[in-house]
Each structure stands twice: as structure tokens, then as C-alpha cells.
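Summary of the model geometry
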Protein chains: 2
Amino acid sequence: MPISGLMERVFQALASTPRRKILAYLAHAELSAGDIAARFEMSKPAVSQHLSVLENAGLIVSEKRGQFVFYRLIPDTLTNVLNGYAQEVCPVSRPLKAESRVLAEQQREEG
Amino acid sequence: MPISGLMERVFQALASTPRRKILAYLAHAELSAGDIAARFEMSKPAVSQHLSVLENAGLIVSEKRGQFVFYRLIPDTLTNVLNGYAQEVCPVSRPLKAESRVLAEQQREEG
DNA sequence: AAAGAATATAAGTAATTACTTAAATAAATT
DNA sequence: AATTTATTTAAGTAATTACTTATATTCTTT
């Protein structure tokens, strides 16, 4: 699987506020399709389609357990793609690293 | 200007291969609209529209000098938004930092 | 086995996006 | 001042996307 094709799908997937929200929800916990849909105004099929887009981009993975389908994040995909591209655009990714460090420290202070 | 509105526009802007390519070109040098258009198969107006999208997202800035319009990157917008969102999704942004380091080393080896 | 619940797929539609060519604007050259 | 060059704006269209409701599938419960 070419990384560029994956990058295409990841950025496509991220270009939607509901989908970015879904990823943020899944950052904290594994959730069923119904759990996720309950957090949105839109219909369940609409949420289901968003989940498909995210799964096809390799950002999340689904697992059917009984009646439910649980979704969880694959954090590596996101970080690899974002860094991979940031690397192309921000030489040596220095700003990205610097910013990461600052934010990590802030969170350490807060946590 | 709310950061969330900017985030929306940035991710929207990044969801296009030609636009990501434009940013990569501008990472290395300031270029005129014509210089950029020459690197693509599509028409000049099409490229011009892509440049508008990128500029409205705060990712690039334009400056008219004589007959030409030069574009250059605003790297901070990209790193701030990508990190801001990665922060929401990847707790403590640890993976992001780790990946940055790996990629930076790879580039050091290659360069 | 029938009914109910969770989810996905199908089919249709409205809104958005990414192009195209043609026309307008503005600066440089003759 | 007229022409050429660089770029953008305008207008139209084809393709894509994001929803909707209705139907199908798969599990659980009775």
C-alpha cells in the first residue's frame, strides 16, 4: 500500500468536522457505533458512513462483539501521516517538534 | 478569529493533493503564481483558485511585486493546527514527537 | 421461531467542489 | 497609446460528498 494513497485518504478523512470529532472521542475510549451516533444530531447511517471513511483511511479499526461494533483509534496512522507531510513542508520538522514539546509540557503541568 | 474556524479551513485546504503539492513547493522557495502553475497540468485559473483556498486558510501569503504575485508559506499555521489537533487525538503527543525524531534522523542521513 | 435491537447497505437528492473557457484587470513594453 | 504578459474573476458544468429515508443483515431475547 503506497503511503501517498494513504495520505490522500487520511487528509480527505480529516477534512470533516464530524470525523475529526469522532477521532477525538475515540482518543479517550473505545466506543460502539451507537455510542458515537448518540453524540451527533445526524442519522445513524450518516455516522456509519463517516466511520467507514475513517476506517478506510486506516485511522480507526472496528471489531464486532455480539450485536455491537466497537471502534477504536489507530493513533500511529494519524501521527505518521501528519508528521510525514509536515516533514515535507516544514524543513526538518523543527517547528513541529518544538510545538510538540511545548504542548507536552503544558499537558504535564495540567495533568 | 476562532482557532476552530481556522482549523476547519486548514484541514479543508489540505484535503487536496494539488494544494499539498503547492505547500511543498513553497516550503523550499517563494514562487510566483505563474511559477506554481507551470508545475501543474491544470489551467492557471484552477491553480489560482487553489492558491486562494490556501491563502484563506492562512497557510500562505501573497505579495504583488510589479506584474507578478509571489506566494510564500506561513509555516506556523500548519504546525499550530496539526499539532493542535494531534494533541486532541494523541494524548500527550508522545507518538508525534517520537515520529518527528525518527523522520528528522532519516532526513539527516539522507541529506 | 418471532420480535426487537444494533448496524450497515442501498438508493436518491441537495450542496459542494474542482475543473473548464472566456472576460476583466493591471503592469510592462513597444 | 496599443500590445503583450501575469494574474484573477466570472460563469458554467461534471464529479463528488454529505446527508436523508427505506431496506437488509446479524445478533439477542423471548
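Whatever comes next refers back to the structure up there.
Since the model is a prediction, treat every value here as computed from it, not as a measurement.

Reading the values: rules and limits
Residues numbered from 1 in each chain as written. Chains lettered and ligands numbered in written order. Predicted model: local features only at pLDDT ≥ 70, side-chain atom pairs only at ≥ 80, totals over all residues. Heavy atoms only, no water. Pairing = 2+ DSSP bridges. Helix = DSSP H or I, 4+ residues; strand = E, 2+ residues; numbered from the N terminus. Contact = heavy atoms within 4.5 Å. Axes fitted to C-alpha atoms, helices over the stretch in contact; angles between N-to-C directions. Phe/Tyr/Trp six-rings, centres within 6.5 Å; stacked < 30°, edge-to-face > 60°. Buried < 20%, exposed > 50% of the residue type's maximum accessible area, 1.4 Å probe, protein only. Lys NZ or Arg CZ within 6 Å of the ring centre and 35° of its normal. Near = heavy atom within 4 Å. Polar contact = N/O pair within 3.5 Å; in protein donor to acceptor, adjacent residues only side chain to side chain. Nonpolar A, V, L, I, M, F, W, Y, C, P; charged D, E, K, R; others polar. Core = buried A, V, L, I, M, F, W, Y, C linked by side-chain atoms within 4.5 Å.

For the rest of this paragraph, the subject is the sheet that holds strand E2 (residues 60–65) of chain B. Residue and element names in this part refer to chain B. Overall, antiparallel pairing links the 3 strands, which are arranged E1-E3-E2 in an open sheet. The sheet terminates laterally at strand E1 (31–32) and E2, the two strands that pair on one side only. Where E1 meets strand E3 (residues 68–73), 2 bridges bridge the pair, whose relative direction is antiparallel. Opposite leucine 31, over in E3, you have tyrosine 71 as the bridge partner. Contacts from helix H4 (residues 44–56) reach E2 and E3 within the one sheet, and its direction differs from that of E2 by about 120°.

The next point concerns the packing of aromatic side chains. Here a ring pair, both rings aromatic, is described through the centre-centre distance and the interplanar angle of the planes. All names here are of chain A. Evaluated as defined, the whole model comprises 6 aromatic pairs over all chains. Note on phenylalanine 11 and tyrosine 85: the rings are 5.5 Å apart at their centroids and 80° apart in plane angle, and the pair reads as edge-to-face. In this pair, phenylalanine 11 sits in helix H1 (residues 3–14) while tyrosine 85 sits in helix H5 (residues 75–89), placing the two residues 74 residues apart along the sequence. In this structure phenylalanine 11 comes out as buried when scored by relative accessible area, which is 0%. Pairing tyrosine 25 with phenylalanine 40 gives two aromatic rings, centres 6.1 Å apart and planes at 80°, and the pair type is edge-to-face. Taken together, the positions of tyrosine 25 in helix H2 (residues 17–28) and phenylalanine 40 in the loop between helix H3 (33–38) and helix H4 (44–56) put the pair 15 residues apart, joining distant regions of the chain. Here tyrosine 25 falls in the partly exposed class, since its relative accessible area comes to 27%. Phenylalanine 40 gets classed as buried once you look at its relative accessible area, which sits at 13%. The side chain of arginine 65 reaches across the aromatic face of phenylalanine 70, ending 4.3 Å from its centre.

To continue, consider the protein's contact with DNA strand C. Taken together, the neighbourhood of DNA strand C is formed by 21 residues, with A:Gly34, A:Ser48, A:Tyr71, B:Ser43 and B:His50 sitting nearest. Considering DNA strand C, the proportion of its atoms within 4 Å of the protein that are sugar or phosphate atoms stands at 71%. With respect to DNA strand C, the backbone of A:Ala33 contributes an N or O atom lying 3.4 Å from a phosphate oxygen. B:Gln49 is positioned with one of its side-chain polar atoms (N or O) 3.4 Å from a base oxygen of DNA strand C. A total of 4 residues in the surface near DNA strand C trace back to one element, the largest contributor, which is H4(B). Here the surface near DNA strand C is composed, by residue class, of 9 nonpolar, 10 polar and 2 charged.

A few words on the nonpolar core. With 58 residues, the main nonpolar core has A:Leu59 and B:Leu59 as its most contacted residues. Those residues in contact with B:Leu59 that lie beyond four places of it in its chain are B:Val10, B:Ala13, B:Leu14, B:Leu23, B:Leu54, B:Arg72, B:Leu73, B:Ile74, B:Thr77 and B:Leu78.

With that settled, consider the protein's contact with DNA strand D. Taken together, 21 residues are adjacent to DNA strand D, and A:Ser43, A:His50, B:Gly34, B:Gln67 and B:Tyr71 come closest. Close to the protein, within 4 Å, the atoms of DNA strand D are drawn from sugar and phosphate at a rate of 74%. Measuring from a phosphate oxygen of DNA strand D, one finds a side-chain N or O atom of A:Arg19 at 3.4 Å. Taking A:Ser43, its side chain carries an N or O atom lying 2.6 Å from a phosphate oxygen of DNA strand D. In terms of residues, the surface near DNA strand D owes the most to one element, H4(A), which gives 4 residues. Counted by class, the surface near DNA strand D contains 9 nonpolar, 10 polar and 2 charged residues.

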